[in-house]
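Read off the chains here:
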Amino acid sequence: MLYREAGQFKSTYAADQQIFPIRQDRIAVTLLLLVAFIGVPLFANEYWLSAILVPFLIFALAALGLNILTGYAGQLSLGTAAFMAVGAFMAYNFVLRMPWLGVIPSFILAGLCASAVGIVFGLPSLRIKGFYLAVATLACQFFVLWAIQRIGWFTNNSSTGVITAQTIEILGHTFDTPQSKYLLTLGIVAVLALLAKNLMRSETGRAFMAVRDMDVAASVIGIPMMKTKLLAFAISSFYCGVAGAMYAYTYLGTVEPEAFTLDLSFRILFMIIIGGVGSILGSFLGAAFITLLPIFLNVFFGALSHTFGLDISHAIVSNIELMIFGGLIIFFLIVEPHGLARLWQIAKEKLRLWPFPH
Amino acid sequence: MNVSFFFEVLIGGLLAGVMYSLVALGFVLIYKASGVFNFAQGAMVFLAALTFVSLLERGVNFWLALGVTLAVMVVLGMAIERVVLRPLVNQPPITLFMATIGLTFVLEGLSQAVWGSQPHGLELGIADVPMQWLADSTGMFISQFDLIASGVAAVLVAALALFFQYTRVGRALRAVADDHQAALAVGIPLKNIWAIVWAVAGFVALVAGMLWGARNGVQYALTFIALKALPVLILGGFESILGAIVGGLIIGASEKLAEVYLGPMVGGGIESWFAYVIALLFLLVRPQGLFGEKIIDRV
Amino acid sequence: MSREARIGETVLSVEKVSLSFGGVKALQDVSFDVREHEVRAIIGPNGAGKSSMLNVINGVYHPQQGTIRLRANGAWKEFSDMDSHEAAALGIARTFQNIALFKGMTVLDNIMTGRNLKMRASFLEQAIWIGRARREELKHRRAVEEIIDFMEIQHIRKTPVGRLPYGLQKRVELARALAAEPRLLLLDEPMAGMNMEEKQDMCRFVLDVNDQYGTTIVLIEHDMGVVMDISDRVVVLDYGRKIGDGTPEEIRGNQAVIDAYLGVAH
């Protein structure tokens, strides 16, 4: 089937404002969701489900959260991991201390706690921009981690700071197999991604982008700076918080505060740079790329050392990985600052005209 | 409260602050000349220290190792200018900032891939012991190493200030910092200037790396001192050498005092964020920093 | 009805406004008024403080002295330190000298931002895309499409503004300001950098806005021909002071204005 919008005429503004205005896109998204919800759990093995797909989805959600703040609202944050940590540890406490709440409400409340932290550390954004703000979000990163490490309440006074996520039980159903955990993660991520997509194409999203593109003009047209920026911090942190909660519950099972270091914040920033700043799809592409790259490199260097009898140590591979990450960031910033999502868009535009060049 | 202990902590903090200033100085140099907030400065410190110590351990003469490391840093600075900055000229500052985060990863990976990731000790022949005569006369324990390190930092800062003020290159640098376009228009070779600045920043990184390395060992954690320099910059303003010094002193002193006097009340370890909180509070009052220029948005 | 006959009461009055940046005095003791439905021009040599004046009126800059009074819904509001989004809520919209569009957004989205003050749905409703949020998007889309028709930019509605030529960008910016249905429209050099044809188009749009929507307009313009043609009254600023105020004919004969423009030996 050709990727064409020829013949798809729209006679109402409602039809023009659909979430996916082109018919082929709608079909593709439906197929993708069918495969993800039905095909994958049936055919994927345990390793793929719990070591690749679940972390991919969680990172995609965190990247989506960061993208709302950085890509859409233009406020650079280096504190993503801290918001995830708040989500993880607060979810743990809600489930622990208020077991009658249920897991999903606990996740939501944990996300709201992350929002609250996000608003507090977003306050400086009202006075400062750019890398000044980035430095301010570092304060959040260090302070939150310190607080979780030092204040026993967060870890239920665990001596090592490690918490073990309780078994997930929703409406009497236990999520303890890789399949069920994957489906739960997928469901939450899909719903939140849909909400984000809607939000970004309505008034709030436009206000975010207006603030990003030219804050003075945004204010002059009537967009309140304070409310918009703080809302961006709140929504973004909510997404990161829920991602953090799932990081503990559906991915790792046991976590310590040290899992949420600055390094993780950078990793998620890299996802949106490579995937596409200011793009929902980009968050997913970037997360897939950064999740798969280390696996690919390990396999690649494994094969390399096997064939040539070279002794490539694990340390070397991880250093090469660092260099490739860094190099890719520079490469994308120079060559395609809008990331993989833009490449995809260009490909679609070409495809629409195929086989003619213009 | 014990007064002499208070002063001991204060002076120790101030001396540590000088070391922060030294790292912050590298940031300021690059920011002044090219408007780039170089997050990779910490990685450069690490690379310089690791290269130097690895050469020493392979039996290379001290001065030769110093020369070779300096050469490496200069070449690296020029390479960064060519490969990273030049293609990104005229991009928004935040893009350049993110590029330097990428650069940080490249440099960290590179230094450890070449020299390995085990920690090294670095011996500069200065003992990190309290000065006996001072302890005898005042009862304060001040490290000899800290004092000498501060002296070195002071000399370096003075030299750079003179360099900026009185040499032709220094004048060109200031012109570039003020206005790239205008500097180009009067015939200042922008690219050479940037290469020089990155080379000088590399040299500052080497000095900082040697001093910090001798004190804490040359290891990956060295890259984190760049994170300590950031609040210093916010406090002092990104474009002021004086700001880097004063900011460093304030951060160093208040951090140590807070750790000693406030730390026990909240469970310790507050050094990791205290500087940031000071910087944040400061931002709310004076966003441009102590010595920064107030920016007026023109519309 | 002739244009003159429509002009009504004073809607904006600037009283003894002074503004300085550090030692630079951008405005000194400037007073003037704007009447309903009129086109009021502000002219003056470069650096006279014209843009600063607009910035004061819509709250981008806050003057050190003086007040601005605005008649909104029949009552006078007096202010000197209002934020620009509050000014927008009072019905002041504007365009900028150096185009201030949202570069990463399409023409349609840019103009839709002009409607933000009229949208009531909370962000949660928007996220779920039901009920009020959805109805509002449609309703305002219709309103925006009317403005798009009016400004004759239908063909570029889905184009990112960054890709448009300068003249069209200026038009989109005006469209965005109109989308807010302002009571008072401030235009900062709407015709700067345009060729003759584009200028004529823009003049026509400005006059049409004034006629059709009855919008009061304050504009800064360098082209004297344009100013004399379309404005009802003119304020002249020089070195931050008001040196002339009156109808185009009066200004044309004002000696202080001629001196300021041609330069005289003091």
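Quick caveat, the model's predicted, so the values are computed rather than measured.

Student: Just checking my understanding: could you explain the overall build of chain C for this structure?
Tutor: A tally of regular secondary structure across chain C gives 11 helices and 10 strands. Taking 266 residues into account, the globule formula puts the C-alpha radius of gyration at 18 Å, and chain C, at 19 Å, falls close to it. Looking at chain C as a whole, 55% of its 266 residues qualify as buried. In chain C, of all internal contacts separated by at least 6 residues, the share reaching a separation of at least 24 is 67%. For chain C, the distance from the average site of its 34 positive side-chain charges to the average site of its 37 negative ones is 5 Å.

Student: I tried to follow the nonpolar core on my own but got confused; where do I start?
Tutor: Soluble globular proteins tend to pack their nonpolar side chains together in the buried interior. Among the nonpolar cores identified, the biggest contains 228 residues, and F260 of chain A together with F37 and L230 of chain B are the most heavily contacted of them. Residue contributions to this core peak at 16 residues, all from helix α3 (residues 46-72) of chain A. Sequence-distant contacts of F260 of chain A, that is, excluding residues within four places in its chain, are made with A81, M84, A85, A88, F89, Q141, L145 and Y247 of chain A. One finds I99, I147, V172 and A179 of chain C within the second-largest nonpolar core, a separate group that totals 45 residues.

Student: How should unusual backbone geometry be read in this particular structure?
Tutor: When glycine is set aside, most residues are seen to have a negative phi, and most peptide bonds are trans. Residues and elements named next belong to chain C. Here the phi dihedral of K16 falls at roughly 50°; this positive angle occurs in a residue that is not glycine. On the secondary structure map, K16 appears in strand β1 (residues 10-21). In the Ramachandran plot, W129 falls in the positive-phi region, its phi being about 60° despite a non-glycine side chain. For W129, the position within the fold is in the loop between α5 (123-128) and α6 (131-151). Judged by its relative accessible area of 11%, W129 is buried.

Student: Would you take a moment to explain the pattern of salt bridges for this structure?
Tutor: Pairing between side chains of opposite charge can happen when their charged atoms approach one another. Residue and element names in this part refer to chain C. Applying the stated criterion to the full structure yields 27 salt bridges over all chains. Between R40 and D33 there is a salt bridge, with its nearest N and O atoms 3.6 Å apart. Its relative accessible area of 22% is what places D33 among the partly exposed residues. Notably, a salt bridge pairs E38 with R233, separated by 2.8 Å at the nearest N-O pair. Residue E38 is located in the loop between β2 (24-35) and β3 (39-43), and its partner R233 is located in strand β9 (residues 233-238); the two are separated by 195 residues in the primary sequence. The exposure class of E38 is buried, given its relative accessible area of 1%. A cluster of three or more residues bridged by salt bridges with shared partners is formed by D33, E38, R40, R233, K242 and D245.

Student: I keep staring at helix α6 (residues 144-166) of chain B and nothing clicks. Help me out?
Tutor: Three or four residues apart is the spacing at which side chains of an α-helix point the same way, because the helix has 3.6 residues per turn. With 23 residues, α6 of chain B ought to run about 33 Å at 1.5 Å a step, and its terminal C-alpha atoms sit 33 Å apart, in line with that. Looking at the packing, one finds that the buried side of α6 of chain B touches α1 (3-34), α7 (168-178), α9 (190-216) and α11 (241-266) of chain B.

Student: Help me understand the interface of chain B and chain A, please; the structure alone is not making it clear to me.
Tutor: As a measure of interface size, the accessible area lost when the parts come together is often cited. Taken together, the 44 residues of chain B in the interface contact 37 residues of chain A. Together, M98, F105 and W273 of chain B form the three largest contributors to the area buried by chain B at its contact with chain A, with a combined 18%. Counting the contacts that link chain B with chain A gives 0 salt bridges. For the pair chain B and chain A, the number of links is 0 residue pairs in polar contact (both at pLDDT 80 or more).

So, how was this worked out
- Residues numbered from 1 in each chain as written.
- Chains lettered and ligands numbered in written order.
- Predicted model: local features only at pLDDT ≥ 70, side-chain atom pairs only at ≥ 80, totals over all residues.
- Heavy atoms only, no water.
- Helix = DSSP H or I, 4+ residues; strand = E, 2+ residues; numbered from the N terminus.
- Rg over C-alpha atoms; globule rule 2.2 N^0.38 Å.
- Buried < 20%, exposed > 50% of the residue type's maximum accessible area, 1.4 Å probe, protein only.
- Contact = heavy atoms within 4.5 Å.
- Lys, Arg positive; Asp, Glu negative; His and termini not counted.
- Charge placed at Lys NZ, Arg CZ, Asp CG, Glu CD.
- Core = buried A, V, L, I, M, F, W, Y, C linked by side-chain atoms within 4.5 Å.
- Salt bridge = Lys/Arg side-chain N within 4 Å of Asp/Glu carboxyl O.
- Expected span 1.5 Å × (residues − 1).
- Buried area = accessible area lost by both parts, 1.4 Å probe.
- Polar contact = N/O pair within 3.5 Å; in protein donor to acceptor, adjacent residues only side chain to side chain.

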